[in-house]
2 protein chains.
Amino acid sequence: MTEIENIILPEPTLRRLPWYLAYIEILKGTGVSTVSTTRISRALNVDSSQIAKDLSFLNIKGKPRIGYNISDLSQALSTFLGFSHEHRAIVVGVGSLGAALLQDKGLARYGLGIVAGFDVDPGLIGSRIGDVPVYAISEIERVRRETGASIGILTVPARKAQEMTDIMVSTGIKAIWNFTPYRVRVADGIVMANTSIYAHLALIYNRLGAATASMG
Amino acid sequence: MTEIENIILPEPTLRRLPWYLAYIEILKGTGVSTVSTTRISRALNVDSSQIAKDLSFLNIKGKPRIGYNISDLSQALSTFLGFSHEHRAIVVGVGSLGAALLQDKGLARYGLGIVAGFDVDPGLIGSRIGDVPVYAISEIERVRRETGASIGILTVPARKAQEMTDIMVSTGIKAIWNFTPYRVRVADGIVMANTSIYAHLALIYNRLGAATASMG
């Protein structure tokens, strides 16, 4: 059993494992069949003992002086990270970002199956975006139950973020993926992940300004 | 001068300040005119002394027992975070995420002015998406120079990430905002921000699985 889903992995490990996967999938595409931690280390600028430690969570062994079989490692990483089986999700807020997620076929390759969108806009309700049906908010409870979705993706305006989160959790959603700038609160036991686009912008502006100032 | 761009702020502060801004803009919309750190603290579940410390980077003072004037604080935060003036950016890779960013009018309210998109698809080159022109990669150097863009948004497939980053940097781009799962390397002095959608998915799957296992 190489499933990730039994142990709580440290966040830094969860951030690095997808880097390794992306890198070895590129290598696989070039026809290479084995890879060493040294090679991954050089490509990604991550310490090779750190890579070995991260990979030790997986049930896979490399060979001395040869390294890992790339197909095996790719499959083990993908399974371990939960990318190789479907996790169902709903998207609440079908604006430009929400609609992009509905249309993004690439997310399925990472195990995310978006089964429904929800919005307040009568022009969107009843339509399909990227083959995903869009419903009124009032239908969340039924659609959530019928699809068995466990993940709720939050792409509404900030002022609606807490209210829509509470509605999702009340219908049985177990994880909230928050793309809004608002810090949403959830009860213990509900998984919360924030993708802070606005914090990243603030970081870029700050570092750019500091770099410019130090050059000036 | 309340510009953020002269000092390097700690990343956790840069993550929290946009939360405060989002919250007080919601409050402003309800007609409230002042806000205390205690009130922000209760709403966002952040320690109130931490909020006071974060806000001390700004050139703004609250009044004892009253707190901050909301309009003043909102404006100060927005200016300080760099959201109130335009930072020009180009988007390399106009797939579903790249195209969504071109169409997202909301980013302009956070100071991001996307002036051009680039792609290899002949069907996209020469078109406009959300009023932003899409060019061939071969035109990056000229368009970068003519627009004065300093930020490069990377939304290409992982196998193209490093090559496109190198091209952007060679044309004068000073900051890379990486949305790919690949860990891109840049020279010292180039600002790098990673928005790790795939790492967040791995985190959600892991925590969901662990929660389910502990209940079972």
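Residues numbered from 1 in each chain as written. Chains lettered and ligands numbered in written order. Predicted model: local features only at pLDDT ≥ 70, side-chain atom pairs only at ≥ 80, totals over all residues. Heavy atoms only, no water.

1. Re the overall build of chain A
Next, step 1: Counting its regular elements, chain A contains 8 helices and 9 strands.
Next, step 2: Here the C-alpha coordinates of chain A stretch approximately 60 × 55 × 35 Å along the principal axes.
Next, step 3: Counting only contacts in chain A whose residues sit at least 6 apart along the sequence, the fraction spanning at least 24 positions is 57%.
Next, step 4: Chain A carries 22 positive and 18 negative side-chain charges, and their two centres are separated by 8 Å. (Helix = DSSP H or I, 4+ residues; strand = E, 2+ residues; numbered from the N terminus. Contact = heavy atoms within 4.5 Å. Lys, Arg positive; Asp, Glu negative; His and termini not counted. Charge placed at Lys NZ, Arg CZ, Asp CG, Glu CD.)

2. Topic: helix H5 (residues 96-103) of chain A
Next, step 1: Burial runs high along H5(A): 6 of the 8 residues are buried.
Next, step 2: Of the positions making up H5(A), those classed as buried are Leu97(A), Gly98(A), Ala99(A), Ala100(A), Leu101(A) and Leu102(A). (Buried < 20%, exposed > 50% of the residue type's maximum accessible area, 1.4 Å probe, protein only.)

3. Notes on unusual backbone geometry
Next, step 1: Even without a glycine there, the phi angle at Arg65(A) is positive, about 65 degrees.
Next, step 2: Looking at the element boundaries, Arg65(A) is found in the loop between helix H3 (48-55) and strand S2 (68-69).

4. A word on the relation of the copies chain A and chain B
Next, step 1: Structural alignment of chain A on chain B gives an RMSD of 0.0 Å, achieved by rotating through 180 degrees and translating 0.0 Å along the axis. Taken together, the rotation angle and the small translation identify this as a two-fold axis. Of the C-alpha atoms belonging to chain A, the one lying closest to the rotation axis is found on Ala100(A), 2.8 Å away.
Next, step 2: Most of the interface of chain A is mirrored in chain B: 98% of its interface residues are interface residues there too. (Least-squares fit on C-alpha atoms with pLDDT ≥ 70 in both.)

5. Quick notes on the sheet that holds strand S9 (residues 191-194) of chain B
Pairing between the strands of a sheet comes from backbone hydrogen bonds, and it takes one of two forms, parallel or antiparallel.
Residue and element names in this part refer to chain B.
Next, step 1: Sheet architecture is open: 7 strands sit in the order S5-S6-S4-S3-S7-S8-S9, paired in mixed fashion. The strands lining the two open edges of the sheet, one partner per strand, are strand S5 (128-129) and S9.
Next, step 2: The pairing of strand S7 (residues 151-154) with strand S8 (residues 175-178) spans 4 bridges and is parallel. Residue Leu 154 lies in a different strand from S8, and its bridge partner there is Asn 178.
Next, step 3: In the packing of helix H6 (residues 140-147) onto the sheet, the strands contacted are strand S3 (87-92), strand S4 (112-119) and strand S6 (132-136), and the crossing angle to S4 comes to about 165 degrees. (Pairing = 2+ DSSP bridges. Axes fitted to C-alpha atoms, helices over the stretch in contact; angles between N-to-C directions.)

6. A look at the pairing of strand S3 (residues 87-92) of chain A
All names here are of chain A.
Next, step 1: Most of S3 is tucked away: 5 of the 6 residues are buried.
Next, step 2: Examined bridge by bridge, S3 and strand S4 (residues 112-119) share 6 bridges and lie parallel to one another. From the neighbouring strand, Val 91 faces S4, where its bridge partner is Gly 117.
Next, step 3: Read from S3 through H5 to S4, the crossover connection turns out right-handed.
Next, step 4: One ladder, built from 4 bridges, connects S3 with strand S7 (residues 151-154); its direction is parallel. (Right-handed = clockwise from strand over helix to strand, strands pointing away.)

7. Here's the deal with the packing of aromatic side chains
The geometry of an aromatic ring pair is captured by the separation of the ring centres together with the interplanar angle, meaning the angle of the planes.
Next, step 1: In total, this model carries 10 aromatic pairs over all chains according to the counting rule given.
Next, step 2: Aromatic pair Phe83(A) and Tyr205(B): ring centres 6.3 Å apart, planes at 80 degrees, arrangement edge-to-face. Highlighted residues: Phe83(A) in the loop between helix H4 (70-80) and S3 and Tyr205(B) in helix H8 (residues 197-215), drawn from two different chains. An identical accessibility class is assigned to Phe83(A) and Tyr205(B); each is buried.
Next, step 3: An aromatic cluster is built from Phe83(A), Tyr110(A), Tyr198(B) and Tyr205(B), whose rings are joined through pairwise contacts. (Phe/Tyr/Trp six-rings, centres within 6.5 Å; stacked < 30°, edge-to-face > 60°.)

8. Here's the deal with the environment of Ile7(B)
Next, step 1: Positionally, Ile7(B) belongs in the segment before helix H1 (11-29).
Next, step 2: On the basis of relative accessibility, which here comes to 38%, the residue Ile7(B) falls in the partly exposed class.
Next, step 3: Between the C-alpha atoms of Ile7(B) and Phe57(B), which are 50 residues apart in sequence, the distance is 9.5 Å.
Next, step 4: Each residue touching Ile7(B), except ones within four places of it in the same chain, is listed here: Asn206(A), Phe57(B) and Phe80(B).

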